[in-house]
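Breakdown of the fold
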Amino acid sequence: MKYSKATNYALHTMIYLTLTPKGKSIGVETLAKMQNLSSTYLSKILTKLVKAGLIESNPGVNGGYSIVSPQDITFLDVIYAIEGKATLFNCSMEHDEFIKNDGCLIENVMFEAEKKMRDTLKQSYIIDIARQIKSTKKNDINC
């Protein structure tokens, strides 16, 4: 399975914001530079994270972005904010050998695998990764 690069950048950004002291905002330029991205591209990602309620935008000279509630944010929350909630697989076949009374047999297998992945991501918290980074004194987001 493959997620977009935007998800990769969003997850790294969320880790960095979690490591940032409470009450401090980080500007888009700083966040973009850390990941070798254009600030325009990262701004689009940050907008999605703001709309999802995962981070907040703080206006002003010392403004920027800060995390809302790091202890509650899972990997799945970030992925949904960037990728949406669409399933990864949809059966396109309508042949009788693939379709039974309980739906497309292939789609059923794929859905079950996707459910297991979602469950794992739902139990994986951004703050846990940030704590691991902090405990190894590795304060960069190239994890």
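Topic: the pattern of salt bridges
Tallied over the entire structure, the rule returns 4 salt bridges. Here Asp-119 and Lys-115 are joined by a salt bridge, their closest N and O atoms 3.1 Å apart. Here Asp-119 and its partner Lys-115 are both found in helix H5 (residues 105-122), 4 residues apart, which amounts to about one turn of the helix. For Asp-119, a relative accessible area of 25% gives the class partly exposed. Here Asp-128 ties to Arg-131 by a salt bridge, and the two come within 3.5 Å at their closest N and O atoms. Remark: Arg-131 and Asp-128 occur in helix H6 (residues 126-135); sequence separation between them is 3 residues, near one turn of the helix. You can call Asp-128 partly exposed: its relative accessible area is 32%. Among the ionic contacts, a cluster of salt bridges with common partners joins Lys-115, Asp-119 and Lys-122.

With respect to the nonpolar core
Ranked by internal contacts, the top residues of the largest apolar core, which has 33 residues, are Met-14, Leu-42, Ile-45, Leu-46, Leu-49, Val-78 and Ile-126. Secondary structure elements with two or more residues in this core: helix H1 (5-19), helix H2 (28-34), helix H3 (39-51), strand E2 (64-67), helix H4 (75-83) and H6. Looking at this core element by element, the count peaks at 9 residues for H1. Beyond its immediate stretch of four places on either side in the chain, Leu-42 contacts Thr-13, Val-28, Leu-31, Ala-32 and Leu-37.

A few points about the environment of Ile-26
Mapped onto the secondary structure, Ile-26 falls in the loop between H1 and H2. For the pair Ile-26 and Ser-66, spaced 40 residues apart in sequence, the C-alpha separation works out to 6.6 Å. When near neighbours in sequence (up to four residues on either side) are disregarded, Ile-26 contacts Tyr-16, Leu-17, Thr-20, Leu-31, Gly-63, Gly-64 and Tyr-65.

Description of the side chain of Ser-69
Inspection of the secondary structure puts Ser-69 in the loop between E2 and H4. Here the side chain of Ser-69 touches Asp-72 through a polar contact of 2.8 Å, side chain to side chain.

Let's talk about the packing of H1 against H3
Any two packed helices are characterised by how steeply their axes cross, that is the angle between the axes, and by the distance between the axes. Close contact between H1 and H3 brings their axes to 10 Å; oriented N to C, the two are set at 70°. Classified by the angle their axes make, H1 and H3 are roughly perpendicular. When H1 is examined against H3, the residues Lys-5, Ala-6, Tyr-9, Ala-10, Thr-13 and Met-14 are found in contact with a partner set consisting of Tyr-41, Leu-42, Ile-45, Leu-46 and Leu-49. Tallied by class, residues from the contact of H1 with H3 come to 9 nonpolar, 1 polar and 1 charged.

Digging into the packing of aromatic side chains
Taken as a whole and judged by the stated rule, the model has 1 aromatic pair. Plain terms: the ring middles of Tyr-9 and Tyr-41 are 5.9 Å apart, the flat faces sit at 90° to each other, and that makes the pair edge-to-face. Separated by 32 residues along the polypeptide, Tyr-9 in helix H1 and Tyr-41 in helix H3 bring together distant segments of the chain.

Describing the confidence of the model for the protein chain
Regions with low pLDDT carry predicted coordinates that are not meant to be interpreted in detail. In the predicted model, the protein chain carries a mean pLDDT of 88, and 87% of its residues have values of at least 70. Taken element by element, the protein chain is modelled with least confidence in strand E3 (residues 99-100), mean pLDDT 56, and with most confidence in H3, mean pLDDT 97.

Rules used in this analysis
- Residues numbered from 1 in each chain as written.
- Predicted model: local features only at pLDDT ≥ 70, side-chain atom pairs only at ≥ 80, totals over all residues.
- Heavy atoms only, no water.
- Salt bridge = Lys/Arg side-chain N within 4 Å of Asp/Glu carboxyl O.
- Helix = DSSP H or I, 4+ residues; strand = E, 2+ residues; numbered from the N terminus.
- Buried < 20%, exposed > 50% of the residue type's maximum accessible area, 1.4 Å probe, protein only.
- Core = buried A, V, L, I, M, F, W, Y, C linked by side-chain atoms within 4.5 Å.
- Contact = heavy atoms within 4.5 Å.
- Polar contact = N/O pair within 3.5 Å; in protein donor to acceptor, adjacent residues only side chain to side chain.
- Axes fitted to C-alpha atoms, helices over the stretch in contact; angles between N-to-C directions.
- Parallel < 35°, antiparallel > 145°, perpendicular 65-115°, else oblique.
- Nonpolar A, V, L, I, M, F, W, Y, C, P; charged D, E, K, R; others polar.
- Phe/Tyr/Trp six-rings, centres within 6.5 Å; stacked < 30°, edge-to-face > 60°.
- pLDDT = per-residue confidence, 0-100.

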